[in-house]
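One letter stands for each residue in the lines below.
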2 protein chains.
Amino acid sequence: MFQALADPTRRLMIERLCDGPASVSELAAPLAMTLSAVVQHLAVLEESGLVRSQKQGRVRTCQVDTQALRAAERWISERRALWEKRFDRLAAYLAENPEEPKEGSET
Amino acid sequence: MFQALADPTRRLMIERLCDGPASVSELAAPLAMTLSAVVQHLAVLEESGLVRSQKQGRVRTCQVDTQALRAAERWISERRALWEKRFDRLAAYLAENPEEPKEGSET
DNA sequence: TGGTTGGTGAAGCATGCACTTAAGTATCGC
DNA sequence: GCGATACTTAAGTGCATGCTTCACCAACCA
């Protein structure tokens, strides 16, 4: 999932797809690479659940699926919230105890 | 940035750091790999801006930086919102035009 | 019907990445 | 000062990834 978003080409493809559904060759047009390569990227995106596609005649039409995006968003925002809460507690603690005390909690 | 989040070990490190700051060896302890490897992961995390660290004596202490997380979150949520808006419009359009019409807009 | 378009699949290659080993440096405790 | 600790750095290895080429099939259309 993050793996899929890690590649810049794939992020471009996602951005393009946010503009509306597209066929494989439409998707490939602005990219300086073979159709084959694009199809391979597409496979990664589909496996990660970020994109769905269906074939009609000889044309495969792709569109983004926001469920996976939602999951990624949630992961990040949970971690961030967790840390920020902790950070706030620390700040409050430091405000009450201006000196830096010796650590001695874990192991 | 997404590249940095792509690796499961690095995500584990982030999760661990959300529990509070840690030294390099504390970070390495639960991971079945060399200190060296962990340091290399750490370098990636620092370059991506996800983690900051400072050395004091011979101990390097690490903590997450939420700014980068925020950026990632924003990227995702913008794309998602963009697509969902488009999807809504499409739904509305289909509701008004029950038949599937021929496409002929782009190129 | 035969050529063109749109996509598929396999094989190969070159680079990058995760990880290891090994050797080194700086600090801490005695 | 001396050994142990906590990293750091460099070099090397093996596997994953991104991409290409080429051969192929299926639909479209003139």
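For every chain, the first residue of the written sequence is number 1, and numbering continues from 1 onward in sequence order. Whichever chain is written first becomes A and whichever ligand is written first becomes 1, with later ones labelled in order. Per-residue local features are limited, in this predicted model, to residues with pLDDT of at least 70; the limit for side-chain atom pairs, both in listing and counting, is 80 or more; totals at the level of whole chains, interfaces and linings are taken over all residues. As a rule here, side-chain values cover all heavy atoms of the structure and leave hydrogens and water aside.

A. Up close: the pattern of salt bridges. A side-chain nitrogen of Lys or Arg and a carboxyl oxygen of Asp or Glu constitute a salt bridge if their distance falls within 4 Å. All chains considered together, the criterion is met by twelve salt bridges over all chains. Note that R70 of chain A and E84 of chain B form a salt bridge whose closest N and O atoms lie 2.6 Å from each other. With one member in each of two chains, R70 of chain A in helix 5 (residues 66-96) and E84 of chain B in helix 5 (residues 66-96) form a pair that bridges those chains. Given a relative accessible area of 39%, R70 of chain A falls into the partly exposed group. Burial classes: relative accessible area under 20% of the type maximum marks a residue as buried, over 50% as exposed, and values in between as partly exposed (1.4 Å probe, protein chains only). Given a relative accessible area of 22%, E84 of chain B falls into the partly exposed group. Note that E15 of chain B is salt-bridged to R79 of chain A, the shortest N-O span being 3.5 Å. Residue E15 of chain B is located in helix 2 (residues 8-18), and its partner R79 of chain A is located in helix 5; the two belong to separate chains. Residue E15 of chain B is classed as partly exposed on the basis of its relative accessible area of 33%. Counting from the N terminus, the helices are DSSP H or I runs at least four residues long and the strands are E runs at least two residues long.

B. Looking closely at the protein's contact with DNA strand C. Summary of the distance rule: residues count as near a molecule or strand when at least one heavy atom falls within 4 Å of that molecule or strand. S25, S36 and R58 of chain A together with T34 and H41 of chain B are the nearest of the 21 residues found near DNA strand C. A 3.5 Å cut-off defines polar contacts: any pair of N or O atoms within that distance qualifies, except that in protein one atom must be a possible hydrogen donor and the other a possible acceptor, and neighbouring residues in sequence count only when both atoms are side-chain atoms. Contacts to DNA strand C include H41 of chain B, whose side-chain N or O atom sits 2.2 Å from a phosphate oxygen. Secondary-structure elements contributing two or more residues to the surface near DNA strand C are helix 3 (24-28), helix 4 (35-47) and strand 3 (59-64) of chain A together with helix 2 and helix 4 (35-47) of chain B. The element that contributes the greatest number of residues to the surface near DNA strand C is helix 4 of chain B, accounting for four residues. In this count, Pro and Cys sit with the nonpolar residues alongside Ala, Val, Leu, Ile, Met, Phe, Trp and Tyr, while Asp, Glu, Lys and Arg are called charged and the others, Gly among them, polar. Partitioned by chemical class, the residues of the surface near DNA strand C number six nonpolar, nine polar and six charged.

C. Layout of the nonpolar core. L50, V51 and I76 of chain A together with L50, V51 and I76 of chain B are the most contacted members of the largest nonpolar core, which totals 50 residues. Between two residues, a contact is recorded if the distance between any of their heavy atoms is within 4.5 Å. Excluding residues that lie within four positions of it along the chain, L50 of chain A makes contacts with M1, A4, L5, I14, L45, Q63, V64, D65, A68 and L69 of chain A. We define a nonpolar core as any set of buried Ala, Val, Leu, Ile, Met, Phe, Trp, Tyr and Cys residues linked to one another through side-chain atoms lying within 4.5 Å.

D. Just the interface of chain A and chain B, in detail. Each partner contributes to the interface: chain A provides 29 residues, whereas chain B provides 29 residues. When chain A packs against chain B, the two sides together hide about 2,900 Å² of surface, and 67% of this comes from carbon and sulfur. Buried area: the accessible surface (1.4 Å probe) lost by two parts on joining, summed over both. Considering only the surface of chain A that becomes buried against chain B, E73, R80 and W83 of chain A emerge as the three largest contributors, covering 22% of it. Seen at the junction of chain A and chain B, the total is six salt bridges. Mapped by element, the contributors of at least two residues to the side of chain A that touches chain B are helix 1 (2-6), helix 2 (8-18), strand 3 and helix 5 of chain A. When residues of the side of chain A that touches chain B are assigned to their parent elements, the largest contribution, 15 residues, is made by helix 5 of chain A. Per-class residue counts for the side of chain A that touches chain B are 15 nonpolar, five polar and nine charged.

E. Expanded view of the sheet that holds strand 3 of chain A. Residue and element names in this part refer to chain A. Strand pairing is defined by DSSP finding a minimum of two bridges between the two strands. Strands sit in the order 1-3-2 across an open sheet of three strands; the sheet is antiparallel. Only two strands of the sheet have a single neighbouring strand rather than two, namely strand 1 (22-23) and strand 2 (51-56). Alignment of strand 1 against strand 3, held across two bridges, turns out to be antiparallel. Each residue of the ladder has a partner; that of A22, found in strand 3, is C62. Every axis corresponds to a line fitted to the C-alpha atoms, with the helix fit spanning only the stretch in contact, and the corresponding angles, defined between N-to-C directions, vary from 0 to 180 degrees. Those strands touched by helix 2 are strand 1, strand 2 and strand 3, and its axis lies near 90 degrees from that of strand 3. Against the sheet, helix 4 engages strand 2 and strand 3, with an angle of about 120 degrees to strand 2.

F. How the structure looks around the protein's contact with DNA strand D. Neighbouring residues of DNA strand D: 20 residues in total, closest T34 and H41 of chain A together with S25, S36 and R58 of chain B. Sugar and phosphate atoms represent 63% of those atoms of DNA strand D found within 4 Å of the protein. With respect to DNA strand D, the side chain of D7 of chain A contributes an N or O atom lying 3.4 Å from a phosphate oxygen. Where the surface near DNA strand D is concerned, the elements lending two or more residues are helix 4 of chain A together with helix 3 (24-28), helix 4 and strand 3 (59-64) of chain B. Looking at the surface near DNA strand D residue by residue, the class counts come to five nonpolar, nine polar and six charged.

Any link to function would need more than the numbers given here.
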